Amino acid sequence: MIGGRVLRGIAPATEGHRVTQFELFFDLVFVFAFTRVTELMLHERGVWGVAHGLTVLGILWLSWSTYTWLANQVRMDRGLMRLGLAVATAAVFVVAVSIPDAFGDEVAPRLLLVSAYLVVRLVHVVLFVLAAHGQPDLRRQVLRTNAASLPPAFLLLFTGAVLGGAAQSWLWIAAWVVDAALIIISSRRGGAWRIGSAVHWAERYSLIVILAIGESIISIGAGLREAGPEGLLAALVAIGGAVLVWWLYFDGFVPGVERVLASRDGARRVRLGNIAYTDLHLPIVAGIVLIALGIEIVLGHVGELEPLGLRGSAALWGGLAVFLTATVAIWRIATGRWLLARVVTVATVVPVVVVCAGQPPVVTLALAVGLGVLIVVVEALVPLIGPREPS
C-alpha cells in the first residue's frame, strides 16, 4: 500500500513531453560546476591541469546524462521524483564546491567529491527503478547497467582519492573510461532504453549547451582584470565570440538534427540519441569550457604586447576545434552530409595554434572571433556546405 502511494506520485512522460522548470533548476548547479572546472584548469598550469579539468567534466557529464535519460521517461517535477532531484542537486553542488581542491594535497576534498558523486548516482538508480514500474525490461536494464558500471568506477575513484598525486590522476581517468565503457557494453545486451519524447531529448541538450555558453560569459567577467577602454573592448570581442558559438550551434544545426531524431522511432531513435547527444555533446560542452579557459587567459593579459603563449592559444583554438569537430560528426551521423567550412577550419587548427601563440592576447582573440564570423557567413551564403534541412 505504501509502495502504491509512492508510485501514484510518478507521472510518465508522453511523446510531446517538454523540459520542466525543475529540470532547468537542476541544470543551474552544473553552471557553477563548469565554472569550477574552468577555475581548476586555470590554476593548475600545464597539460595535467587541462587533463584534470576534462576528467572532472567527464564525470559530471555522466551524472547529468543519466538524469536526462530518467527525465525522458517520467516528469521530474512531481512527487518523489522532484524530491529525489532536489537531493541530487544538493549533491552536485557539493561536488562542484570540491572541484578546485580535488587534486590538491588534502585528502578530505577528494573524498568529499567522491562521496557526493556516489550520492548523485545512487539517487538516480533508485529513482529510475521507481520510474520503470510496470516496465520489467527497462528495470532490468537499469539494474544491469548500474551493477556493471558503478562498483568498478567508484572503487577506482575512491582509491585515487586516498592515494592522491599521479596515481589519482590516472585512476580517475580510468574510472571515467571504465564507467562510460561498461554503460555502453551493458546496454548492448538486449538494451531496453527508450527515448519517448524527441522534443524533450533535444531540448534538454540544447539547454545544457546554452548554460555552458553562459559559463563562458561568466569567465569573461572573471577574466577581465582591467575595466578601462582596452579591457572593455576585449570583453566585447569575447562576448561576440560567445554569440558566434551560439549561432554555430542553434542556427540551423540544432533544428536539423532534432528533425532527424523525431523522424526515427524505437531502437533507431535511441541509437541516434545516444551517439549524437549523450556521446558527442560532451565534446561540444568540453570545447566551450576550453574556449572559456582561453578567453579568461586572454583577458587576464589585456594591454600586454607579450605573446599569448602556447597554453592560452591551445585552449582557445583547441576548444574551438573540439566544438566544431563534434558538430561535424553529429551532422554527418544525422544527415549523412559534411559541414565543409567547419572541416576546413579544424584541419588548420594545429598551425594556427602555433602561430597565435606568438601573437599578443587580444590579437589571438580577435582572429578566433573573425574566423567564427567567416564560418557563419560562408555557411549562410553557400547552403550546400552549411546546415540545411535534411531530406
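Preceding this section is the structure that the text describes.
What counts as what
Residues numbered from 1 in each chain as written. Predicted model: local features only at pLDDT ≥ 70, side-chain atom pairs only at ≥ 80, totals over all residues. Heavy atoms only, no water. Helix = DSSP H or I, 4+ residues; strand = E, 2+ residues; numbered from the N terminus. Rg over C-alpha atoms; globule rule 2.2 N^0.38 Å. Buried < 20%, exposed > 50% of the residue type's maximum accessible area, 1.4 Å probe, protein only. Phe/Tyr/Trp six-rings, centres within 6.5 Å; stacked < 30°, edge-to-face > 60°. Contact = heavy atoms within 4.5 Å. Polar contact = N/O pair within 3.5 Å; in protein donor to acceptor, adjacent residues only side chain to side chain. Expected span 1.5 Å × (residues − 1). Axes fitted to C-alpha atoms, helices over the stretch in contact; angles between N-to-C directions. Parallel < 35°, antiparallel > 145°, perpendicular 65-115°, else oblique. Left-handed = near helix turned anticlockwise from the far one by under 90°. Salt bridge = Lys/Arg side-chain N within 4 Å of Asp/Glu carboxyl O. Core = buried A, V, L, I, M, F, W, Y, C linked by side-chain atoms within 4.5 Å. Patch = residues over 30% accessible without salt bridge, like charges linked within 9 Å, V, L, I, M, F, W, Y side chains within 5 Å. Areas by Shrake-Rupley, 256 points an atom, 1.4 Å probe, with all protein chains shown as cover.

Visitor: Which residues make up the overall build of the protein, and what values do they have?
Guide: What the protein contains, in helices and strands, is 16 helices and 0 strands. Over its C-alpha trace the protein gives a radius of gyration of 21 Å, about what one expects of a compact globule, namely 21 Å for 391 residues. Dimensions of the protein, computed from C-alpha atoms along their principal axes, come out at roughly 70 × 55 × 35 Å. Burial status across the protein gives 52% buried among its 391 residues.

Visitor: Pulling in residues and values, what's your account of the packing of aromatic side chains?
Guide: Inspection of the entire model under this criterion finds 19 aromatic pairs. Linked through ring pairs, Trp61, Trp64, Trp69, Phe128, Trp193, Trp201, Tyr205 and Tyr277 together constitute an aromatic cluster.

Visitor: I'd like to hear about the environment of Val50, residue by residue, with values.
Guide: Its location among the elements puts Val50 in helix α3 (residues 47-71). Owing to a relative accessible area of 26%, Val50 belongs among the partly exposed residues under this scheme. The spacing of Val50 and Arg337 is 287 residues in sequence and 32 Å in space, taken between C-alpha atoms. Contact partners of Val50, with chain neighbours within four places excluded, come to Met41 and Leu290.

Visitor: Provide a residue-level description of the side chain of Thr38, including the pertinent values.
Guide: The topology assignment puts Thr38 in helix α2 (residues 21-43). A relative accessible area of 1% places Thr38 in the buried class. A polar contact of 2.9 Å, which involves the side chain of Thr38, links it to the side chain of Glu215. Once you skip the residues sitting within four places of it in the chain, Thr38 turns out to touch Glu215, Ser219, Val289, Ala292, Leu293 and Glu296.

Visitor: Hey, could you go over helix α12 (residues 281-299) for me, with residue numbers and the actual values?
Guide: Compared with an ideal rise of 1.5 Å per residue, which puts 19 residues at 27 Å, α12 spans 27 Å between its outermost C-alpha atoms and is within 8% of the ideal. In terms of residue burial, α12 counts as a mostly covered element, since 18 of its 19 residues are buried.

Visitor: Can you break down the packing of α3 against helix α5 (residues 107-131) residue by residue, with the values?
Guide: Where α3 meets α5, the axes come as close as 10 Å, and the angle between the chain directions of the two elements is 15°. Judged by the angle between their axes, α3 and α5 are roughly parallel. Of the two possible hands of crossing, α3 and α5 adopt the one that is left-handed. Seen from α3, the contacting residues are Ile59, Leu62, Ser63, Thr66, Tyr67, Trp69 and Leu70; seen from α5, they are Tyr117, Val120, Arg121, Val123, His124, Leu127, Phe128 and Ala131.

Visitor: Please provide a residue-by-residue account of the environment of Glu106, values included.
Guide: Structurally, Glu106 is set in the loop between α4 (79-98) and α5. Given a relative accessible area of 56%, Glu106 falls into the exposed group. For Glu106 and Ile288, which are 182 residues apart along the polypeptide, the C-alpha to C-alpha distance reads 30 Å.

Visitor: Which residues make up the packing of α2 against α12, and what values do they have?
Guide: At a minimum axis distance of 10 Å, the contact between α2 and α12 shows a crossing angle of 55°. The angle between the axes of α2 and α12 places the two elements in the oblique class. Between α2 and α12 lies a crossing of right-handed hand. Side by side, α2 and α12 meet where Phe34, Val37, Thr38, Met41 and Leu42 of the first sit next to Val285, Val289, Leu290, Ala292, Leu293, Glu296 and Ile297 of the second.

Visitor: Please provide a residue-by-residue account of the pattern of salt bridges, values included.
Guide: Per the stated rule, a full pass over the model turns up 9 salt bridges. A salt bridge links Asp77 to Arg78; the nearest nitrogen and oxygen atoms lie 3.9 Å apart. For Asp77, a relative accessible area of 19% translates into the label buried. As a salt-bridge pair, Arg342 and Glu379 come within 2.8 Å of each other at their nearest N and O atoms. With Arg342 in helix α14 (residues 340-347) and Glu379 in helix α16 (residues 361-381), this pair connects stretches of sequence that are 37 residues apart. Here the two residues Arg342 and Glu379 agree in accessibility, since each one is buried.

Visitor: Any details on the nonpolar core? Residues and values, ideally.
Guide: The biggest cluster of nonpolar side chains holds 124 residues, and the ones touching the most others in it are Phe30, Tyr67 and Ile208. At 13 residues, the largest contribution of residues to this core is made by α12. For Ile208, the residues in contact, after removing those within four places along its chain, are Asp27, Phe30, Phe34, Trp61, Trp64 and Val285.

Visitor: Explain the environment of Leu244 to me, using residue names and the numbers behind them.
Guide: Tracing the chain through its elements places Leu244 in helix α9 (residues 229-250). Distance in space between the C-alpha atoms of Leu244 and Gly370 is 9.7 Å, their sequence separation being 126 residues. If we ignore the near neighbours within four places in the chain, the residues touching Leu244 are Val369, Gly372, Val373 and Val376.

Visitor: I'd like a description of a nonpolar patch on the surface, backed by residues and values.
Guide: A surface patch of nonpolar side chains, amounting to about 490 Å² of accessible area, comprises Ile210, Ile217, Ile239, Val243, Trp246 and Trp247. Among the elements of the structure, α8 (198-223) and α9 are those that each provide at least two residues to the nonpolar patch. Tallying contributions element by element places α9 first for the nonpolar patch, with 4 residues. By the secondary structure assignment, Ile210 is in helix α8. Residue Ile210 is classed as partly exposed on the basis of its relative accessible area, which comes to 31%.

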